[in-house]
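Spelled out, the chains give:
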Amino acid sequence: MNSTGRGTLATIVLPVKPMHARPGTWPYSPGAYPRRSALSIYCADASLMERLPGALPMSMDLLRCSDWDAFERAAATAVCSVIAIPWLAESGALPKFREFRRRSPLHPTVLVTEKHADNLRHLEGMKVEELVGLHEFERELWAAVCRARATSLLRQMASSFEGALSLPPKLREAVVHAFRSDAPISSVAGLAAAVGCDRRTLWRQWRQAFGSPPPLQLSDFVDWLLLLRATGLKVPGVKWSAVAAELGVHEHTIARIARRLAGLTLRDLAGGGLPFLSRLFVHHVLRPLLTPTTTGPLRAVQ
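A short tour of the structure in this document, coming up. Every value quoted in this text rests on a predicted model; they were computed, and no experiment measured them.

## Some details on the overall build of the protein
Secondary structure assignment for the protein yields 12 helices and five strands. Here the protein holds 302 residues, and the buried ones make up 51% of them. Considering only contacts in the protein between residues 6 or more positions apart, those separated by 24 or more positions represent 64%. Of the roughly 14,600 Å² of accessible surface on the protein, a fraction of 52% belongs to carbon and sulfur atoms.

As structure tokens, this is what we get:
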């Protein structure tokens, strides 16, 4: 939180503008920057380590580590981490893994391990964004990495609003819930029901907080979040219809939202991916809402 009681954008980790971005395109064009990025992997099992890259796209730079300390250094520069420990109780890395999650709770992490009940009980009290079975990773790992990145990004954005003490409490609760909810929110009415209030209350507090007219309508905010979630689920081999079904909406709904809010087609979204859309989200949503203006200031709660 900053000195004004507003949230902050400082904790959100997004791709940086490349030096060779084409003039006039950043951050608006999916082709404005390279999508190559680093993924850190920890695995002490040499044979398993050899198999893991085959489940990931060649566009990823893989920082492969069999030593935990080396992995932590690699994770500091990676967009996501994969930790492969077949049997947790047999690994001396488990206490270090717990400490890593305690210190870096928002770092997107995928755990590959045996999905046996006796094995999973060693994760008690510890959260990871994605858990992939040891015998499923060859077909599931890349989708899990994409989901982990999307989940972590939403949690980072939630943290920005948790510190926005100038927001009316019920509205702040609703906004943070929209980011953190496991179940996607697809309407203002659904958001209001989730936090136990009438949608008119949220509309009124939204205008109270951001001015009238606000820089962004509450319904548009909800639609932007749905678009972020959809883009995080879209990986090669997964159709937009399947993404829409998982979110509980129609494919045409996602297409309409993308065109209306971002001027993009579904092909644009798939091509740019989550890093591209998250840049647009910060530019069009977070920055206008978290930056004070003369026309729509965040008013202190009386």
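## A look at the sheet that holds strand β5 (residues 130-133)
Across the sheet, which stays open at both edges, the five strands sit in the order β2-β1-β3-β4-β5 with parallel pairing between neighbours. Looking at the sheet topology across the chains shown, the edges are occupied by β2 (60-65) and β5. Put simply, the sheet's adjacent strands are angled 20 degrees from each other on average, direction ignored. Looking at chain direction, strand β1 (residues 37-43) and strand β3 (residues 80-84) are connected through five bridges and run parallel. Bridging across to β3, C43 finds its partner in A84.

What counts, and where the lines are drawn
Residues numbered from 1 in each chain as written. Predicted model: local features only at pLDDT ≥ 70, side-chain atom pairs only at ≥ 80, totals over all residues. Heavy atoms only, no water. Helix = DSSP H or I, 4+ residues; strand = E, 2+ residues; numbered from the N terminus. Buried < 20%, exposed > 50% of the residue type's maximum accessible area, 1.4 Å probe, protein only. Contact = heavy atoms within 4.5 Å. Areas by Shrake-Rupley, 256 points an atom, 1.4 Å probe, with all protein chains shown as cover. Pairing = 2+ DSSP bridges. Axes fitted to C-alpha atoms, helices over the stretch in contact; angles between N-to-C directions.

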